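Each chain, letter by letter, is given below.
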Amino acid sequence: PPPSGSPSVPRTMQEPLAPLHWFRESLARTLLRMDIADQKKAVTDLAFEVYHFRCYSRLYRDSQLALVLRQAVIYSLLLHVRVLLGFFSGRPVQDDCWMGDFVTDTAARKKLTPSSAAKALVPELHKRLAHFTRTRWEKAAPKMDFYAAYFDEIEVLITEFQAALPTDVREAFTTISMA
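Residues numbered from 1 in each chain as written. Predicted model: local features only at pLDDT ≥ 70, side-chain atom pairs only at ≥ 80, totals over all residues. Heavy atoms only, no water.

**Some points on the nonpolar core**
(1) Moving on: F102, F161 and F173 are the most contacted members of the largest nonpolar core, which has 41 residues in total.
(2) Moving on: Of all the secondary-structure elements, those providing two or more residues to this core are α3 (36-61), α4 (67-89), α6 (116-130), α8 (144-148), α9 (151-164) and α10 (167-177).
(3) Moving on: Counting residues per element, this core draws most heavily on α4, which supplies 9 residues.
(4) Moving on: Those residues within four positions of F161 in sequence are excluded, and the remaining contacts are L46, F87, F88, M99, F102, V103, L112 and F173. (Core = buried A, V, L, I, M, F, W, Y, C linked by side-chain atoms within 4.5 Å. Buried < 20%, exposed > 50% of the residue type's maximum accessible area, 1.4 Å probe, protein only. Helix = DSSP H or I, 4+ residues; strand = E, 2+ residues; numbered from the N terminus. Contact = heavy atoms within 4.5 Å.)

Rendered as structure tokens:
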């Protein structure tokens, strides 16, 4: 949005600037590469996502949970699925972090790329969980088993990512994500 007090730019004038905005974002990502110190800080938050994904996926598989608690676990689990798949899917925007901030080897990055079906979950979960959109009532939500089919793929991505991290960053990640 324009700064407070300035007139807004008409939409017809914004659209021709889209390639320039894309280039600016791409250049910013290049200039914002993470050093080891930043990786150690960022991996703490990533480990939080991994820890909770693993926690909630174990709870989800526990058929003894009360119905209300089970619903809360499912919602939380799907939020962490969305964050992790987004992290591995790439194409960061603005200050988003992604797997490529930690792993620079091209071959390793290819192994850390989710399947196209898993990538397709990100916008779906984004619309259902993070924003109040018409999708919630206009499109039937998949059953939880549909999402659960991707848990093993996410675990493999996490394990491969952990193995590809520099040693000192890996140690920080492992300490937190396995707590």
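Let's pick the thread back up.
**A few points about the packing of aromatic side chains**
(1) Moving on: By the definition in use, this model includes 11 aromatic pairs.
(2) Moving on: For the ring pair F88 and F161, a centre distance of 5.8 Å and an interplane angle of 80° mean the geometry is edge-to-face. Highlighted residues: F88 in helix α4 and F161 in helix α9, separated in sequence by 73 residues. Both residues of the pair, F88 and F161, count as buried.
(3) Moving on: Arranged with centres 5.4 Å apart and planes meeting at 75°, the rings of F146 and Y147 form a pair that is edge-to-face.
(4) Moving on: One aromatic cluster is present, formed by F87, F88, F102, F161 and F173 through successive ring pairs. (Phe/Tyr/Trp six-rings, centres within 6.5 Å; stacked < 30°, edge-to-face > 60°.)

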